[in-house]
Amino acid sequence: MANLTNNKFVLSWIDEMAAMTQPDKIVWIDGSEEQAEALRAEACSTGEIIKLNQELLPNCYLHRTAINDVARVEDRTFICTTKKEDAGNINNWMAPAEMKEKLFKLYRGSMKGRTMYVIPYSMGVVGSDFAKYGIELTDSIYVVLNMLIMTRVGTNVLEALGDSADYIKGLHARADIDAENRYITHFPETNEIMSVNSGYGGNVLLGKKCFALRIASYLGRKEGWMAEHMLILGVKYPNGEKKYITAAFPSACGKTNLAMLIPPKALKAEGYEVECVGDDIAWLRVNKEDGKLYAVNPENGFFGVAPGTNEKSNPNALHTCLRDTIFTNVVHDLDNNTVWWEGLNDNPPANAIDWRGNPWDISKYDKANKAATAGAHPNSRFTALAANCPCISPEFNSLKGVPVSAIVFGGRRAKTAPLVYQSFNWQHGSFVGSIMASETTAAAAGAVGVVRRDPMAMRPFVGYNMGDYWQHWLDMGKKIPNAPKIFHVNWFRTDDEGHFIWPGFGDNLRVLLWILARCEDKVDAVETAIGYVPKAEDINIEGLEDITIDTIRDLLSVDVASWKADIENIKAFYAQVGEAVPATMYEELAALEARLG
Ligand code: GTP
Ligand code: SPV
Ligand code: MN
């Protein structure tokens, strides 16, 4: 097949990678529907994907990963900078030459008998100021088909790149899917990403976490912008006015759900609407004209968590994945050739195959032991086109992005964090981000439900030293004349029986409206040791069953004892981040401790 570019940097790099991996042939992905369709047919013929019921789920497919390969692997993810301190203590580090030596052994001959696909893709609208280009080489059709959904792929990317060397090089080889030799590696100094021995989303769709967060965060610091693990949504008021919010929650903590929320009945009746701009990643730049921070979603689709998605919790996500979708590690319903997952509905299929590929029915499911008995893996996902989302924002393809009024941090905290609070200012807000914590989820390999610090929801995704990243946040605040206000939310406070107190999902809009009212100085607040908390009566609870103003008071309470206990944990974490922690953060920490008394 002919090359799709004459760019000599691109061609010589591909030659080099092909000489090492030794594929039988090289195929350039041009972004055409014909080529995509031929690849789907080929992947169906080998069993790599399964074509689902085309009447009920047009253009939808099912894929199962290897059993040992179902989530991101943070202990095998590396930032390879010349100096160790540039990667910092929170990242795994290895010197570039040493890592490459190790990787080259794993790559050598790994594509023998296979095809190497060349995927030219853009993060952001091709040709826009925000856009950055990448080329991913992979031996997986599943990766190609996912990248065609998640990014903007095609010859127009190569045209936009021209003869420039300014693109991110990504090499992915499945090799033996050997967990012991799995490596997800980043070389920010040379714009390279290398991934081997995995076939799972976040490890292999190199435009996503590897490029749009780890490499991009490194570039953002160098170039004066930000790459964040944030959803972007627009709230449309009854008078037609629109305000935008970005929110950073750790993996599987509610970004997709918040980004696509449907207003509760009472607010919908008044005329409120919510539009989704993005559900996972935001690139943020200061706009010279109005001095505000603007956000774009560099992705083209959603790689969303399937379990728990249903007609009530997130109808928009459900409708988005009724067509043109790849499902990964969900239940295959054999009777009608569709898919199912825990929390979809109360009609689990009787005749089905679970995510492992074994016969399954609901009698095998034990709620107390979900991980081992669920039909769908807890981190099973759908890959769906943003354009198919019923509430996708008209600004989704905007070249300049949307102006951000509020930045919201959040996580899963059973007790400590109140439903919502506002930081005193940008510097304090950056501190609030730095002390974020959350109970771990199935999105990454390892124990689930353990509280760990996850600053700005970026612990696994900062491509450089965490302390320098915090300094970048502090510095950015000084460069944004009309900076967004910074808040923290927690949808996950539980009662003594362990049930969530706040209804969450669509009702979260009630909290967003308080946040936006604060941004406009339209509502008062109570000053506490941790920040500004709403007056209970200012959270609209109209139409909410089981929630009284006393419940809200309870949700907003600041439990000083648990905050004091948290301070110790924060200090230990700061010590672990080490010397690069900005002095300003320590000052904020001391001030918080003093306010707590
Ligand atoms: P990544 O794609 O991993 O970055 O995750 P995400 O942040 O987009 O998480 P997502 O919206 O997919 O939510 C993950 C899980 O949290 C799902 O099981 C949801 O049902 C649950 N969830 C989301 N929002 C809420 C909420 O407001 N309240 C409660 N109780 N659960 C929620
Ligand atoms: C996350 O884990 O935060 C995700 C899924 O959004 S992955 O792309 O696998 O990282
Ligand atoms: Mn994510």
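It should be emphasised that the depicted structure is a prediction, and the values quoted were computed from it without experimental measurement.

Criteria and cut-off values
- Residues numbered from 1 in each chain as written.
- Chains lettered and ligands numbered in written order.
- Predicted model: local features only at pLDDT ≥ 70, side-chain atom pairs only at ≥ 80, totals over all residues.
- Heavy atoms only, no water.
- Helix = DSSP H or I, 4+ residues; strand = E, 2+ residues; numbered from the N terminus.
- Rg over C-alpha atoms; globule rule 2.2 N^0.38 Å.
- Buried < 20%, exposed > 50% of the residue type's maximum accessible area, 1.4 Å probe, protein only.
- Areas by Shrake-Rupley, 256 points an atom, 1.4 Å probe, with all protein chains shown as cover.
- Lys, Arg positive; Asp, Glu negative; His and termini not counted.
- Charge placed at Lys NZ, Arg CZ, Asp CG, Glu CD.
- Near = heavy atom within 4 Å.
- Polar contact = N/O pair within 3.5 Å; in protein donor to acceptor, adjacent residues only side chain to side chain.
- Donors = N, O, S within 2.8 Å, 3.2 Å for Na, K, Ca; no water.
- Tetrahedral: all angles 85-135°; square planar, octahedral: opposite > 155°, others 65-115°.
- Domains from an automatic or database assignment.
- Contact = heavy atoms within 4.5 Å.
- Buried area = accessible area lost by both parts, 1.4 Å probe.
- Salt bridge = Lys/Arg side-chain N within 4 Å of Asp/Glu carboxyl O.
- Nonpolar A, V, L, I, M, F, W, Y, C, P; charged D, E, K, R; others polar.
- Pairing = 2+ DSSP bridges.
- Phe/Tyr/Trp six-rings, centres within 6.5 Å; stacked < 30°, edge-to-face > 60°.
- Lys NZ or Arg CZ within 6 Å of the ring centre and 35° of its normal.

Novice: Would you take a moment to explain the overall build of the protein chain for this structure?
Specialist: Helices and strands together make up the secondary structure of the protein chain, namely 18 helices and 31 strands. Taking 25 Å as the expected radius of gyration for a compact globule of 597 residues, we find that the protein chain reaches 23 Å, a close match to that expectation. For the protein chain, the spread of C-alpha atoms along the principal axes amounts to about 65 × 55 × 45 Å. Here the protein chain holds 597 residues, and the buried ones make up 60% of them. Working note: accessible area of the protein chain is about 22600 Å², and carbon and sulfur atoms make up 49% of it. If the 60 positive side-chain charges of the protein chain are averaged to one point and the 75 negative ones to another, these points end up 2 Å apart.

Novice: Would you explain the site of ligand 1 in this entry?
Specialist: Lining the immediate surroundings of ligand 1 are 21 residues, of which Ala-252, Lys-255, Thr-256, Asn-257 and Arg-381 lie closest. Arg-381 is positioned with one of its side-chain polar atoms (N or O) 2.8 Å from an oxygen atom of ligand 1. A distance of 3.1 Å separates an oxygen atom of ligand 1 from a polar side-chain atom of Arg-412. Contributing elements (two or more residues each) for the shell around ligand 1: helix 9 (255–259) and strand 18 (301–305).

Novice: Quick question: what am I supposed to make of the coordination of the manganese ion (ligand 3) here?
Specialist: Between any two of four tetrahedral donors, the ideal angle at the metal is 109.5 degrees; between two of six octahedral donors, it is 90 or 180 degrees. Ligation of the manganese ion (ligand 3) by protein atoms is provided by Lys-209 (NZ), His-229 (NE2) and Asp-280 (OD), these donors lying 2.1 to 2.4 Å from the ion. Taken together, the six donor atoms coordinating the manganese ion (ligand 3) and their angles of 67 to 175° define a geometry best described as irregular. For the manganese ion (ligand 3), the single-chain donor residues occur in sequence as K-x19-H-x50-D. Here Lys-209, found in helix 8 (residues 207–223), pairs with Asp-280, found in the loop between strand 15 (273–278) and strand 16 (282–286); they are 71 residues apart in sequence, far enough to count as distant. Across this residue pair, the class does not change: Lys-209 and Asp-280 are buried.

Novice: Mind showing me how you'd approach the domain arrangement of the protein chain here?
Specialist: You'll often see interface size given as the accessible area lost when the parts meet. When its domains are assigned, the protein chain resolves into domain 1 (8–48 + 71–221), domain 2 (228–299 + 393–596) and domain 3 (302–388). Facing the 12 residues of domain 2 at the interface are 11 residues of domain 3. Overall, the association of domain 2 and domain 3 removes approximately 990 Å² of surface from exposure, summing both partners, and the carbon and sulfur fraction of that is 65%. It is Met-260, Ile-262 and Ala-442 in domain 2 that bury the most area against domain 3; as a group they hold 43% of the surface buried on that side. Along the contact surface separating domain 2 from domain 3 lie zero salt bridges. Our count for the contact surface shared by domain 2 and domain 3 stands at one residue pair in polar contact (both at pLDDT 80 or more). Grouping the constituent residues of the side of domain 2 that touches domain 3 by class yields nine nonpolar, two polar and one charged.

Novice: Looking at this structure, I do not really get the environment of Gly-375. What am I missing?
Specialist: Take Gly-375: it is sitting in the loop between helix 12 (370–373) and strand 24 (381–385). Under the relative-accessibility criterion, Gly-375 is labelled buried at 0%.

Novice: Please clarify how the pairing of strand 7 (residues 132–138) should be interpreted in this entry.
Specialist: Residues in a regular strand project their side chains so that they alternate between the two faces of the sheet. Among the seven residues in strand 7, seven count as buried, and that is most of the element. With burial as the criterion, each face of strand 7 is covered, one bearing Lys-132, Gly-134, Glu-136 and Thr-138 and the other bearing Tyr-133, Ile-135 and Leu-137. Bridge analysis of strand 6 (residues 115–123) against strand 7 gives seven bridges, and the strand direction is antiparallel. The partner of Ser-122 across the bridge, within strand 7, is Tyr-133. The pairing of strand 7 with strand 9 (residues 168–173) spans five bridges and is classified as parallel. Paired with Leu-137 across the strands is Leu-171, a residue of strand 9.

Novice: Sorry, what's going on with the sheet that holds strand 24 here?
Specialist: By way of backbone hydrogen bonds, the strands of a sheet pair with one another, either parallel or antiparallel. An order of 2-3-19-24-18 is seen for the five strands of this open sheet, with the pairing classed as mixed. Edge positions in the sheet fall to strand 2 (50–51) and strand 18, since each has one partner strand and no second. Summarising the sheet, strand 3 (residues 61–63) and strand 19 (residues 326–328) pair through three bridges and their orientation is parallel. Counted as the bridge partner of Tyr-61 is Ile-326 from strand 19.

Novice: Please clarify how unusual backbone geometry should be interpreted in this entry.
Specialist: Generally, phi is negative for residues other than glycine and the peptide bonds are trans, each holding for most cases. Even without glycine at this site, Asn-191 takes up a positive phi of about 55°. Inspection of the secondary structure assignment puts Asn-191 in the loop between strand 10 (183–187) and strand 11 (192–196). Judged by relative accessible area, which is 17%, Asn-191 ranks as buried.

Novice: I keep staring at the packing of aromatic side chains and nothing clicks. Help me out?
Specialist: Aromatic ring pairs: the centre-centre distance and the angle between the two ring planes describe each pair. A full pass over the atoms with the stated rule returns 20 aromatic pairs. Each ring, one from Phe-492 and one from Phe-500, has its centre 5.4 Å from the other, and the planes form 75°; the classification is edge-to-face. Linked through ring pairs, Tyr-121, Phe-211, Trp-225 and Trp-283 together constitute an aromatic cluster. Lying over the aromatic face of Phe-130, Arg-285 brings its terminal NZ or CZ to 5.4 Å of the ring centre. When the ring centre of Tyr-532 is taken as reference, the NZ or CZ atom of Arg-518 above it lies at 5.1 Å.

Novice: For this particular structure, what's the right way to read the pattern of salt bridges?
Specialist: Side-chain pairing between opposite charges can occur once the charged atoms of the two side chains come close. The full count for this structure, using the stated rule, is 25 salt bridges. A salt bridge links Glu-37 to Arg-40, with the nearest nitrogen and oxygen atoms 2.6 Å apart. In this pair, Glu-37 and Arg-40 both sit in helix 2 (residues 33–46), three residues apart, roughly one turn of the helix. The class for Glu-37 is partly exposed, based on a relative accessible area of 32%. Judged by relative accessible area, which is 11%, Arg-40 ranks as buried.

Novice: What is the right way to look at the pairing of strand 10 in this model?
Specialist: With five of five residues buried, strand 10 lies mostly within the body of the structure. Across the two faces of strand 10 the burial is the same, with Tyr-183, Thr-185 and Phe-187 and Ile-184 and His-186 all buried. With five bridges joining them, strand 10 and strand 11 adopt antiparallel strand pairing. Counterpart to His-186 in the pairing with strand 11 is Ile-193. Hairpin connection from strand 10 to strand 11: four residues lie between these consecutive antiparallel strands, with Asn-191 at a positive phi of about 55°.

Novice: Sorry if this is basic, but what is going on with the side chain of Arg-518 here?
Specialist: Inspection of the secondary structure puts Arg-518 in helix 15 (residues 508–519). Nearest to the buried, unbridged Arg-518 among oppositely charged side chains is Asp-524, at 5.2 Å. Polar side-chain contacts of Arg-518 include one of 2.6 Å to the side chain of Gln-422. Once residues within four sequence positions are removed from consideration, Arg-518 is found in contact with Gln-422, Phe-487, Val-523, Asp-524, Ala-525 and Tyr-532.

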